[in-house]
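Descriptive structure summary
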Amino acid sequence: MQWEEEKEEKKEALDSWIESTEEELRFAGAIYEILENSTTKEEFLRLAKAKLREYKNPWIEDALQSILNLASD
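In this report, we go over the structure that sits alongside the text.

1. Focus on the pattern of salt bridges
- Taken as a whole and judged by the stated rule, the model has four salt bridges.
- The partner of lysine 7 in a salt bridge is glutamate 4, with the nearest N and O atoms 3.6 Å apart. On the criterion of helical spacing, the pair formed by lysine 7 and glutamate 4 is a turn pair, its members being three residues apart in helix α1 (residues 3-37).
- Owing to a relative accessible area of 29%, lysine 7 belongs among the partly exposed residues under this scheme.

2. Topic: the side chain of serine 72
- Topologically, serine 72 is positioned in helix α3 (residues 61-72).
- One polar contact links the side chain of serine 72 to the main-chain carbonyl oxygen of leucine 68, over a distance of 2.9 Å.
- Those residues within four positions of serine 72 in sequence are excluded, and the remaining contacts are Lys41, Phe44 and Leu45.

3. What about the nonpolar core?
- Among the nonpolar cores identified, the biggest contains nine residues, and these are Phe27, Ile31, Ile34, Phe44, Ala48, Leu52, Ile60, Leu64 and Leu68.
- Looking at this core, the elements with two or more residues in it are α1, α2 (41-54) and α3.
- In this structure, leucine 52 is in contact with Phe27, Leu64, Gln65 and Leu68, ignoring residues within four places of it in sequence.

4. Points about α2
- Taking 1.5 Å of rise per residue, 14 residues should cover 20 Å, and α2 covers 20 Å from first to last C-alpha, within 8% of that figure.
- Of the positions making up α2, those classed as buried are Phe44, Ala48 and Leu52. Along α2, the residues classed as buried sweep out an arc of 65° about the axis, all on the same side. In α2, those exposed residues whose orientation departs by more than 90 degrees from the buried face are Glu42, Arg46, Arg53 and Glu54.
- Turning to α2, the residues buried within the fold contact α1 and α3.

5. Notes on the packing of α1 against α3
- With their axes 10 Å apart at the nearest point, α1 and α3 run at an angle of 25° to one another. Put simply, α1 runs roughly parallel to α3. By crossing handedness, the relation of α1 to α3 is classed as right-handed. Residues Glu24, Phe27, Ala28 and Ile31 of α1 form the contact with α3, whose own contacting residues are Ala63, Leu64, Ile67, Leu68 and Ala71.
- Across the contact of α1 with α3, the residue classes tally to eight nonpolar, no polar and one charged.

Conventions adopted
- Residues numbered from 1 in each chain as written.
- Predicted model: local features only at pLDDT ≥ 70, side-chain atom pairs only at ≥ 80, totals over all residues.
- Heavy atoms only, no water.
- Salt bridge = Lys/Arg side-chain N within 4 Å of Asp/Glu carboxyl O.
- Helix = DSSP H or I, 4+ residues; strand = E, 2+ residues; numbered from the N terminus.
- Buried < 20%, exposed > 50% of the residue type's maximum accessible area, 1.4 Å probe, protein only.
- Polar contact = N/O pair within 3.5 Å; in protein donor to acceptor, adjacent residues only side chain to side chain.
- Contact = heavy atoms within 4.5 Å.
- Core = buried A, V, L, I, M, F, W, Y, C linked by side-chain atoms within 4.5 Å.
- Expected span 1.5 Å × (residues − 1).
- Arc of directions from axis to C-beta.
- Axes fitted to C-alpha atoms, helices over the stretch in contact; angles between N-to-C directions.
- Parallel < 35°, antiparallel > 145°, perpendicular 65-115°, else oblique.
- Left-handed = near helix turned anticlockwise from the far one by under 90°.
- Nonpolar A, V, L, I, M, F, W, Y, C, P; charged D, E, K, R; others polar.

Here it is, written out as structure tokens:
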């Protein structure tokens, strides 16, 4: 494989990682805001789980669940 082709593949992989990471950061920010504004743990869990269902990216589903677990344990 020519370097130019290999370089393009690497750039595409990095772009995908950056997009996924940005999505994880947005989710973590949303969970943080829900946590900040929740008056009970039950309210937090309900709203946080609803927020998790909004994200339909199967590639980062485990990462988002881990973020939610971090905030809810």
